[in-house]
Amino acid sequence: MSAPDLVVVGAGVMGAWTSFWARRAGLSTILVDAWGPGNPRATSADDTRIIRSSHGSDGFYPGWSRRALAHWRRFGDEWGEQLFVETGVLWFAHHEDGFETASIDTLTGLGIPIERLSLDEIGSRWPQVRTDDLAFAAFEPEAGGLLARRGVVGVTRAFEREGGQLRIAAVRPGRLHGSRLIDVVGADGARIAAERFVFAAGPWLPVLFPTLLGGLVSVTRQDVLYFGPAPGDERFDHAHLPTWVDYDGAWFGVPAVDGRAPKLGSDDYGPPFDPTTGERLIDPDSVDAARAFLRRRLPALADGPVVETRVCQYETTPDTNFIIDRHPELDNVWIVGGGSGHGFKHGPRIGEYVVERLLGAAAGPGEERFSLTIPRGAPAGLRSGSSR
Ligand SMILES: Cc1cc2nc3c(=O)[nH]c(=O)nc-3n(C[C@H](O)[C@H](O)[C@H](O)COP(=O)(O)OP(=O)(O)OC[C@H]3O[C@@H](n4cnc5c(N)ncnc54)[C@H](O)[C@@H]3O)c2cc1C
């Protein structure tokens, strides 16, 4: 049997969508994952992820986010799966000249819906939100929550229905021939050869390419908490509360969707974390910090019990831009990752872009930010907490 056109290593949101688009482009493709799509160690595996267009003054990511949203909507409909919940995203602004004002200016210029809301308007629409330390809010009505694990499993199933192969194996780069990789190899010595390879292994990328990526991708532990409202209290359900981000406070939250409780997480970086061996038990200090924040913002939830928790990880580049580039020494190898705490939403666009590049497209304007070799500066402020 001849080698397939493409092997993709990693069935998180980036690898799964890359495999899907590769099949659509007619490439014979094998997707390999150590534990399978949506496995609990993967960064893409929480129940929900936020999709928003606001990126402060950055005008590049809003276009990617809108295109990705169109794909999430379209393919969710096609596959009969709800992958997106249009809750809107509410940005709590602590002062006039910050991320939120820059986002309003940028999105308005791009024709993407965003509203400025006064404290009175927030109070009348969502009286459960405490606003006395805020200046105003920005509201993106067409943004919301993605059903993350369900989305990754859904796109992998679609890939298989269209003739792609999924294999469960932990692999690493195998034999070389000059500047080409010939195969990947599993712990048992089994090899999978291909014409081209995409490594989309999220927080495991520095393990697979320690010399190239060890200094470029930092992996930190991030605690996520789900708080239980009082019996019969629907104020934290997505019908009554939007998804929200407190950019300057470095907190984010998703209302109750899909039978889960309302969720929140701190966007400050946690300690270094090993995604394979790390125990997924949250730090008790995270509970105290979350309650203190809820008292300031959603006080009726602050005394509710923690009903679920997750430990996830960020795989962050120095400037928080993603990595999507050819390996500098291996002509047929691409590295895709560095989600930096904001990569999930872009999954469909990232996969589409990777396949365009694999098939010969050059990087377009603004896309040099994904390069493995350009010097990366300070955090670009694309995510709350990323500059602290
Ligand atoms: C708490 C938290 C909140 C976040 N919130 C948001 C948000 O609201 N919006 C947003 O857009 N993004 C958000 N993100 C970021 C987003 O989740 C990530 O950018 C994205 O999920 C990364 O996907 P990935 O495909 O690169 O990696 P992963 O999802 O980690 O996928 C990598 C896959 O590779 C596999 N693998 C690893 N090693 C091997 C190997 N040797 N062989 C085979 N397979 C292997 C793993 O099993 C895994 O399935 C958040 C992240 C966290 C942690």
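This is a predicted model, so every value here is computed, not measured.

Student: Looking at this structure, how should I read the overall build of the protein?
Tutor: Regarding its fold elements, the protein presents 9 helices and 22 strands. The burial tally for the protein puts 58% of its 388 residues in the buried class. A sequence separation of at least 24 residues applies to 74% of the contacts in the protein between residues at least 6 apart. Surface accessibility of the protein: about 15,100 Å² in total, with carbon and sulfur atoms responsible for 51%. Treating the 40 positive side-chain charges of the protein as one cloud and the 50 negative ones as another, the clouds have centres 5 Å apart.

Student: I keep staring at the pairing of strand E22 (residues 333–337) and nothing clicks. Help me out?
Tutor: The two faces of the sheet receive side chains in turn, since in a regular strand these alternate between them. Within E22, 5 of the 5 residues are buried, which leaves the element mostly enclosed by the surrounding structure. Here E22 shows no split at all, with Val 333, Ile 335 and Gly 337 on one side and Trp 334 and Val 336 on the other all buried. The sheet contact formed by strand E15 (residues 196–199) and E22 spans 3 bridges and is parallel. When the sheet's bridge partners are listed, Phe 199 is paired in E22 with Ile 335. The sheet contact formed by strand E21 (residues 323–326) and E22 spans 4 bridges and is antiparallel. Within E22, the residue paired with Asp 325 across the bridge is Ile 335. The hairpin turn running from E21 into E22, its antiparallel successor, is 6 residues long.

Student: What is the right way to read the sheet that holds E22 from this model?
Tutor: Two pairing modes exist for strands in a sheet, parallel and antiparallel, and in both the strands are linked by backbone hydrogen bonds. Read from one edge to the other, the open sheet built from 6 strands follows the order E9-E2-E1-E15-E22-E21, with strand pairing classed as mixed. Whereas interior strands pair on both sides, the edge strands pair on one side only; in this sheet they are strand E9 (165–168) and E21. Recorded for the sheet is a direction-independent mean angle of 15° between the axes of neighbouring strands. Pairing analysis gives 4 bridges linking strand E1 (residues 6–9) to strand E2 (residues 29–33), with the strands arranged parallel. Within E2, the position partnered with Val 7 by the bridge is Ile 30. Of the strands in this sheet, E2 and E9 are in contact with helix H5 (residues 148–161), which crosses E9 at around 120°.

Student: Please clarify how the side chain of Thr 131 should be interpreted in this entry.
Tutor: Relative to the helices and strands, Thr 131 resides in the loop between helix H4 (119–125) and strand E7 (136–140). Looking at Thr 131, the relative accessible area reads 14%, which means it is buried. Residues in contact with Thr 131, not counting those within four places in the same chain, are Leu 119, Ile 122 and Arg 297.

Student: Looking at this model, I keep getting lost on the site of the ligand. Mind explaining?
Tutor: As a structural note, the neighbourhood of the ligand is formed by 37 residues, with Asp 33, Ser 44, Ile 50, Val 171 and Lys 345 the closest of them. Within the backbone of Ile 50, one N or O atom sits 2.7 Å away from an oxygen atom of the ligand. At 2.8 Å, a backbone N or O of Val 171 approaches a nitrogen atom of the ligand. Here the ligand loses 97% of its free accessible area of 1,000 Å² to cover by the protein chains.

Student: In this structure, what is going on with the environment of Leu 205? I would like to understand it.
Tutor: The residue Leu 205 is located in helix H6 (residues 205–208) in this model. Taking relative accessible area as the criterion, Leu 205 reaches 0% and is therefore assigned buried. Spatially, the C-alpha atom of Leu 205 lies 8.7 Å from that of Val 336, the residues being 131 residues apart in sequence. Leaving out residues up to four positions away in the same chain, Leu 205 has contacts with Phe 199, Leu 213, Ile 335, Val 336 and Gly 337.

Student: Where do I start with the packing of helix H1 (residues 13–24) against helix H9 (residues 347–358) in this structure?
Tutor: The angle between the axes and the distance between the axes are what describe a pair of packed helices. Close contact between H1 and H9 brings their axes to 7 Å; oriented N to C, the two are set at 50°. If you check the angle between H1 and H9, you find them oblique. Handedness of the H1/H9 crossing: right-handed. Judged by residue contacts, Val 13, Met 14, Trp 17, Thr 18, Trp 21 and Ala 22 of H1 engage Gly 347, Pro 348, Ile 350, Gly 351, Glu 352, Val 354 and Val 355 from H9.

The rules we used
Residues numbered from 1 in each chain as written. Predicted model: local features only at pLDDT ≥ 70, side-chain atom pairs only at ≥ 80, totals over all residues. Heavy atoms only, no water. Helix = DSSP H or I, 4+ residues; strand = E, 2+ residues; numbered from the N terminus. Buried < 20%, exposed > 50% of the residue type's maximum accessible area, 1.4 Å probe, protein only. Contact = heavy atoms within 4.5 Å. Areas by Shrake-Rupley, 256 points an atom, 1.4 Å probe, with all protein chains shown as cover. Lys, Arg positive; Asp, Glu negative; His and termini not counted. Charge placed at Lys NZ, Arg CZ, Asp CG, Glu CD. Pairing = 2+ DSSP bridges. Axes fitted to C-alpha atoms, helices over the stretch in contact; angles between N-to-C directions. Near = heavy atom within 4 Å. Polar contact = N/O pair within 3.5 Å; in protein donor to acceptor, adjacent residues only side chain to side chain. Parallel < 35°, antiparallel > 145°, perpendicular 65-115°, else oblique. Left-handed = near helix turned anticlockwise from the far one by under 90°.

Remember, this is a structural readout, not a statement about activity or role.
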